[in-house]
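# Observations on the model geometry
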Amino acid sequence: MSESADRQPPFVLVEGLTKTFDQLVALDHVNLDLKEGEIHALLGENGAGKTTLSNILAGIYRADSGDVMIGGELVHFRSPADAIAGGVGMVHQHFQLVPSMTVAENLMMGWEQSPRVFSMSDLKERSAAIIEEYDLPVDPGARIFDLSVGKQQRVEIVRTLARGAQLLILDEPTAVLTPEETEELFEVLRRLAAGGRTVIFISHKLNEVLSIADRITILRSGKHMATIPGANATVDRLAQLMTGSETPIEAVSQTGPAKAGEAVLTVRDLHALSSRGLPALRGVDLTVRSGEIVGIAGVSGNGQTELAEIIVGIRAGTSGQVLVTTEGTTQPPTPGQIGIGHIPEDRMEHALVGVASTTRNAVTRRYRTAELSTKTRLRWGPIREYAQEVIKDGRVQVREVDAPVAQLSGGNQQRLVATREAKVADEFLLAVHPTFGLDVQATAEVRQTLQDKRNAGAGVLLISEDLDEVLAMSDRLVVMYGGEVLGGFTRGEFDRDRIGLLMGGHREAAGE
Ligand SMILES: Nc1ncnc2c1ncn2[C@@H]1O[C@H](COP(=O)(O)OP(=O)(O)OP(=O)(O)O)[C@@H](O)[C@H]1O
Ligand SMILES: [Mg+2]
């Protein structure tokens, strides 16, 4: 690269790109240029069109009109394979890896450059060479399900690069990462950009965008609002461009001391195995009272998933006790219990039926009540009304309530689940990464909902990898590590350093 970056012709040029879904204009004459070697952030509220734009570049959707030029040539990708051949690769939020297979198998599978037949040692050697080439260390013999999320993502990136991606698109890659993993990812991205690759980076976390992006493009309701250099951007300016509003978004935090009452959740000496039969919980004790938010901080994979599933009655422990109190009765939890809300870590796996309509999904927790059904049939009038209420309260952007819920943008799916579950959580709400994929405004709203629940007397258990979130929201907090609950902090004595050490397994930081 002899010319300065500014004088270079764009590596990717998008002109007048338009995409509609029925009457909904998801992208409206969007222009964009990407330079070789730049990290370009895409920013916008939930439903702004970020994923749609990425999907078109990656050959998953086809645009209605508009042009995409790469390296000066007009391209028309008809499939992801086409896009890969054209040098565009996307790392999706739901990794496309086969969990039970090894890293090597995942790297080499379905790749035209892999020989038809090769030995296991050949396979390992070839993968090791690729891993070495991109300097993204990961054990080729490891099975995917044994790897941390950060490492799995690394395999996805290597896989995409090995197939020749010059433009790498990452759709909310940090939503699933710890702060350390995020930092590692950023180093990788900076290195790739320095080596001449172009990166599209999507995130709702403005501080991340400010720290990594060379330039930032803001979309609003499918329209291109602005492209600005990262160095000139501020949080306020970005928020203004995204929302069109000058009013800064209020950060939600505690509203007065908790008036904690009786226990709504009691967990005693709980032991459990993971789905793979390994010890996941080793003697967990935990109490959540009405009127308080208890936070569990921790790096994912330390037993949070198993604990959450046992608490809502969809998984069994091997020993110990879990009791929940609803309507004055204390007993072990049953799935779908009224009075208990559950915002799960994976909305598509545990909360929504993708092919069912938004209406149906909005009422799943309530349709068995007399209000919404008789003994033999559903009462569609009240069902529609209730669904509308959920949609309105959650500010879910949905054009057609009878269309499959999978068509909502990721953030709008999350809004739907969070609102639906909060509405049934009169006594207890389990919220796992509740702001996952939400834009700045919706994040503030969901946090407010949790506070409102607490103030109305429900007990809230907040499990999140986002330490800032747990610190801002909780009345009390503990750390989960290695299937155990470590430490115990009450608001006012939160000690970020000690909590961080506990999250890394330094038990001595718990004190006496
Ligand atoms: N397959 C589809 N069918 C119908 N509508 C769709 C489809 N995919 C996306 N949309 C709609 O297009 C709009 C843009 O969605 P998109 O997923 O691109 O938003 P986004 O900016 O990625 O939002 P988020 O931050 O919530 O992920 C939304 O209104 C969404 O409902
Ligand atoms: Mg999206």
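Residues numbered from 1 in each chain as written. Chains lettered and ligands numbered in written order. Predicted model: local features only at pLDDT ≥ 70, side-chain atom pairs only at ≥ 80, totals over all residues. Heavy atoms only, no water.

Quick look at the site of ligand 1 now. Not every one of the 19 residues close to ligand 1 is listed here, only the nearest: G47, T51, T52, S409 and G411. Between an oxygen atom of ligand 1 and a side-chain N or O atom of N46, the distance comes to 3.0 Å. The side chain of K50 places a nitrogen or oxygen atom 2.8 Å from an oxygen atom of ligand 1. In the complex, 87% of the free accessible area of ligand 1, which totals 640 Å², lies under the protein chains. Within the residue set of the shell around ligand 1, elements represented by two or more residues are strand 2 (24–34), helix 1 (50–57) and helix 13 (410–424). Of the residues forming the shell around ligand 1, the biggest block, three residues, is contributed by helix 1. The residue makeup of the shell around ligand 1, split by class, is six nonpolar, ten polar and three charged. (Near = heavy atom within 4 Å. Polar contact = N/O pair within 3.5 Å; in protein donor to acceptor, adjacent residues only side chain to side chain. Areas by Shrake-Rupley, 256 points an atom, 1.4 Å probe, with all protein chains shown as cover. Helix = DSSP H or I, 4+ residues; strand = E, 2+ residues; numbered from the N terminus. Nonpolar A, V, L, I, M, F, W, Y, C, P; charged D, E, K, R; others polar.)

Of note, H29 is a non-glycine position whose phi angle comes to about 50 degrees, a positive value. By the element assignment, H29 lies in strand 2. Note on H29: relative accessible area 54%, which makes it exposed. Located in the positive-phi region is E327, a residue other than glycine, with phi close to 45 degrees. With respect to the helices and strands, the residue E327 is situated in the loop between strand 14 (319–326) and strand 15 (329–331). With relative accessibility at 67%, the residue E327 sits in the exposed group. (Buried < 20%, exposed > 50% of the residue type's maximum accessible area, 1.4 Å probe, protein only.)

With 15 residues, helix 13 should reach 21 Å at 1.5 Å per residue; the first-to-last C-alpha distance of 22 Å fits that figure. Judged by how many residues are buried, helix 13 sits mostly within the fold: 13 of 15 residues are covered. (Expected span 1.5 Å × (residues − 1).)

Let us now look at the sheet that holds strand 10 (residues 223–229). Across a sheet, strands are paired by hydrogen bonds formed along the backbone, either parallel or antiparallel in direction. Within the open sheet, the six strands sit side by side as 6-7-8-3-9-10. Their pairing is mixed. Edge positions in the sheet fall to strand 6 (88–91) and strand 10, since each has one partner strand and no second. Each adjacent strand pair in this sheet contributes to an overall mean axis angle of 20 degrees, direction not counted. Docked against the sheet, helix 8 (residues 235–243) engages strand 3 (39–43), strand 9 (215–220) and strand 10, running at close to 30 degrees with respect to strand 9. (Pairing = 2+ DSSP bridges. Axes fitted to C-alpha atoms, helices over the stretch in contact; angles between N-to-C directions. Contact = heavy atoms within 4.5 Å.)

Counting residues in hydrophobic clusters, the biggest one holds 49 residues, and the most contacted among them are V103, I157, L189 and I216. The greatest single-element share of this core, amounting to six residues, is contributed by helix 6 (residues 179–194). When sequence neighbours within four positions are dropped, the list of residues in contact with I216 reads H40, A41, L43, V209, L210, A226, T227, I228, G230, A233 and L238. A387, V424, V446 and V460 belong to the second-largest nonpolar core, a separate cluster that totals 30 residues. (Core = buried A, V, L, I, M, F, W, Y, C linked by side-chain atoms within 4.5 Å.)

Now for the side chain of R420. Examined against the element boundaries, R420 turns out to sit in helix 13. Residue class for R420 comes out buried when judged on its relative accessible area of 3%. What R420 contacts, discounting residues up to four positions off in sequence, is A351, L352, N361, A362, T364, R365 and V390.

This next bit is on the pairing of strand 12 (residues 279–289). As judged from the eight bridges shared by strand 11 (residues 263–273) and strand 12, these two strands associate in the antiparallel manner. Its bridge partner lying in strand 12, L265 is registered against V288. Once strand 11 ends, the chain turns through five residues before running back antiparallel as strand 12, passing G277 with a positive phi of about 85 degrees.

Here we come to helix 4 (residues 120–134). With 15 residues, helix 4 extends 21 Å from end C-alpha to end C-alpha; this agrees with the ideal 21 Å at 1.5 Å per step. For helix 4, every residue scored as buried is listed here: L123, S127, I130, I131 and Y134. End-on, the buried residues of helix 4 take up no more than an arc of 100 degrees, which puts them together on one face. Facing away from the buried side of helix 4 by more than 90 degrees, the exposed set consists of E125, E132 and E133. (Arc of directions from axis to C-beta.)

With that settled, the discussion passes to the sheet that holds strand 2. Here we have four strands laid out as an open sheet, ordered 2-1-4-5, and antiparallel in their pairing. Each of the sheet's edge strands pairs with one partner strand only, and the pair in question is strand 2 and strand 5 (73–74). In terms of strand pairing, strand 4 (residues 65–70) meets strand 5 through two bridges, oriented antiparallel. Across the sheet, the residue bridging to I70 is E73, located in strand 5.

Now for the domain arrangement of the protein chain. Along its sequence, the protein chain is carved into domain 1 (5–243) and domain 2 (263–350 + 422–510). Distance between the C-alpha centres of domain 1 and domain 2: 32 Å. Contacts between domain 1 and domain 2 engage 15 residues on the former and 13 residues on the latter. Carbon and sulfur atoms supply 52% of the area that domain 1 and domain 2 bury against each other, a total of about 1,100 Å² over both sides. Broken down residue by residue, the surface that domain 1 buries against domain 2 is led by N46, T178 and H204, which jointly contribute 33%. The interface formed by domain 1 and domain 2 includes one salt bridge. D146 is the salt-bridge partner of R276, the closest N and O atoms lying 2.8 Å from each other. Seen at the junction of domain 1 and domain 2, the total is four residue pairs in polar contact (both at pLDDT 80 or more). Class assignment for the residues of the side of domain 1 that touches domain 2 results in seven nonpolar, five polar and three charged. (Domains from an automatic or database assignment. Buried area = accessible area lost by both parts, 1.4 Å probe. Salt bridge = Lys/Arg side-chain N within 4 Å of Asp/Glu carboxyl O.)

The subject of this paragraph is the side chain of S464. Note that S464 resides in strand 18 (residues 459–464). Among the polar contacts listed, one links the side chain of S464 to the backbone nitrogen of D466, at a separation of 3.0 Å. In contact with S464, not counting residues within four places along its chain, are I296, A297, G298, H433, E469 and V470.

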